[in-house]
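Understanding the architecture of this molecule
The primary structure of each chain is shown beneath.
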Amino acid sequence: MPCPDATEEAVEVIRELWRGEFVNHHGRHYTVEHARIRTRPDTPPPIYVSGFGPKSIEPVGRIGDGYVSTMPDADTVRRFRESGGGKPVRPEQVREAFVCGRNADAHLEMIDRYAEAGFDEVYVADTGPHWQGLFDLYQREVLPRLR
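Residues numbered from 1 in each chain as written. Predicted model: local features only at pLDDT ≥ 70, side-chain atom pairs only at ≥ 80, totals over all residues. Heavy atoms only, no water.

Notes on the packing of helix 2 (residues 54-63) against helix 3 (residues 74-82)
At a minimum axis distance of 7 Å, the contact between helix 2 and helix 3 shows a crossing angle of 40 degrees. By the angle between their directions, the pair helix 2 and helix 3 is classed as oblique. For the pair helix 2 and helix 3, the sense of crossing is right-handed. From helix 2, Pro54, Ile57, Val60 and Gly61 reach across to helix 3, where they touch Thr76, Arg79 and Phe80. (Axes fitted to C-alpha atoms, helices over the stretch in contact; angles between N-to-C directions. Helix = DSSP H or I, 4+ residues; strand = E, 2+ residues; numbered from the N terminus. Parallel < 35°, antiparallel > 145°, perpendicular 65-115°, else oblique. Left-handed = near helix turned anticlockwise from the far one by under 90°. Contact = heavy atoms within 4.5 Å.)

Things to note about helix 3
Looking at helix 3, one finds that the buried residues are Thr76, Val77 and Phe80. Burial along helix 3 is one-sided: seen end-on, the buried residues are contained in an arc of 100 degrees. The inward-facing, buried residues of helix 3 contact helix 2, strand 4 (66-68) and helix 5 (104-117). Immediately downstream of helix 3, the backbone of Gly84 shows phi near 115 degrees, a positive value. (Buried < 20%, exposed > 50% of the residue type's maximum accessible area, 1.4 Å probe, protein only. Arc of directions from axis to C-beta.)

Brief notes about the nonpolar core
Ranked by internal contacts, the top residues of the largest apolar core, which has 13 residues, are Val11, Val49, Val60, Tyr67, Phe80 and Phe119. At the level of secondary structure, the elements contributing two or more residues to this core comprise helix 2, helix 3 and helix 5. Setting aside anything within four residues of it in sequence, one finds Val11 in contact with Ile47, Val49 and Ile63. (Core = buried A, V, L, I, M, F, W, Y, C linked by side-chain atoms within 4.5 Å.)

Quick word on the pairing of strand 1 (residues 23-26)
Side chains Val23 and His25 project from strand 1 onto a buried face, and the interleaved Asn24 and His26 project onto a face without burial. As defined by bridge partners, strand 1 adjoins strand 2 (residues 31-35) across 3 bridges and the pair is classed as antiparallel. Across the sheet, His25 pairs through a bridge with Val32, a residue of strand 2. Between strand 1 and strand 2, which follow one another and run antiparallel, lie 4 residues. (Pairing = 2+ DSSP bridges.)

This is how it looks when you write it as structure tokens:
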């Protein structure tokens, strides 16, 4: 998350735009002049916000409709929910937070860690060149075991 006040200002502008009226905003971080979203759904989409570290969780919980994280940390989820709705990343944290490879059990274990931490939804992404292999693994071995 950029600095918390920049994120708060961004969410404020986004919510104002979703009302469908023309928006003029001259804030500390953003300037919006005569902007309007013309085609809107009946219900505005939720705004999910990421936050890393204790100082960012409270504003994220206050302004966000959901919390995005790459760490299955129950304490962070609890603080997010208590606020209304981190940490510098080291290599060992990345290894703990992400599953790589074709071991279906490892993927299922990580999904379970997120569920146990209180997350309602888990999204899986592959940022490497072997994305098709990940999709195939999930179709054959992971998703059938989640049902």
